[in-house]
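Overview (structure and organization)
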Amino acid sequence: NDLLYVADASAVVMGDLQKLYSAAIDFEHYVSLGMPDLKESYVVERGPGDSVITWSHLSSFAQVSKHYLKVEISPRISTPRALGLRWTRIERRAPWAYEDNSGFNDFFGSWYMQHLGKGAVYIRYFLVASVRSELPPALVDLFMQGKLKVSIRKVIRILAEQGKAK
């Protein structure tokens, strides 16, 4: 079964844009920051340019995914005082050592952050996940609808805390 989920969340938080962005691209510390359902996260390859290949191990409920993501650290953004990144799931390549057993047929998303002035930063998180599952679709759907909302709120709270860090 293949189920499609889209999440689009935004918030205005008080913090430093550069600290928020630094936390968003600190993939190897995602687990210690407490990112939801993430068991492991590593940078596998850097470059060319601002691209990074990461490997992640997610586990939640009866869903497990071990997958690679290609992350564009600095996609072109025309808005002044704004930063972003976008990612997409990719297949494993020969030199990469980690298991590629994705729980997703497709998985991509982005972060966008813009300084609004007086310490306020607008954050937008967008995600599309085409989930593979052997479980009954109604059960997966029930779980995913609630889980996505809670997880995305938690991710934004984690970044907001990092943006305040001294």
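Before going into details, it helps to say that this report is about the structure given with it. (Residues numbered from 1 in each chain as written. Predicted model: local features only at pLDDT ≥ 70, side-chain atom pairs only at ≥ 80, totals over all residues. Heavy atoms only, no water.)

1. Quick notes on the overall build of the chain
- Scanning the chain from N- to C-terminus turns up three helices and seven strands.
- Starting at the N terminus, the α and β elements of the chain follow one another as β-α-α-β-β-β-β-β-β-α.
- The C-alpha atoms of the chain give 16 Å as radius of gyration, which agrees with the globular expectation for 166 residues (15 Å, within 12%).
- Each principal axis of the C-alpha atoms in the chain carries an extent, and together these give about 50 × 40 × 30 Å.
- The 166 residues of the chain split such that 42% are buried.
- Long-range pairs, those at least 24 residues apart, make up 58% of the contacts in the chain with a sequence separation of at least 6. (Helix = DSSP H or I, 4+ residues; strand = E, 2+ residues; numbered from the N terminus. Rg over C-alpha atoms; globule rule 2.2 N^0.38 Å. Buried < 20%, exposed > 50% of the residue type's maximum accessible area, 1.4 Å probe, protein only. Contact = heavy atoms within 4.5 Å.)

2. Thoughts on the side chain of serine 65
- For serine 65, the location among the structural elements is in strand β4 (residues 63-72).
- Overall, serine 65 belongs to the buried group, its relative accessible area being 4%.
- One polar contact links the side chain of serine 65 to the main-chain amide nitrogen of glycine 103, over a distance of 2.8 Å.
- Ignoring anything within four residues of it in the chain, the contact list for serine 65 reads Ser56, His57, Leu58, Asn101, Ser102, Gly103 and Phe104. (Polar contact = N/O pair within 3.5 Å; in protein donor to acceptor, adjacent residues only side chain to side chain.)

3. Some remarks on the side chain of histidine 57
- Structurally, histidine 57 can be placed in strand β3 (residues 51-60).
- For histidine 57, a relative accessible area of 14% translates into the label buried.
- Once you skip the residues sitting within four places of it in the chain, histidine 57 turns out to touch Asp37, Leu38, Lys39, Glu40, Val64, Ser65 and Lys66.

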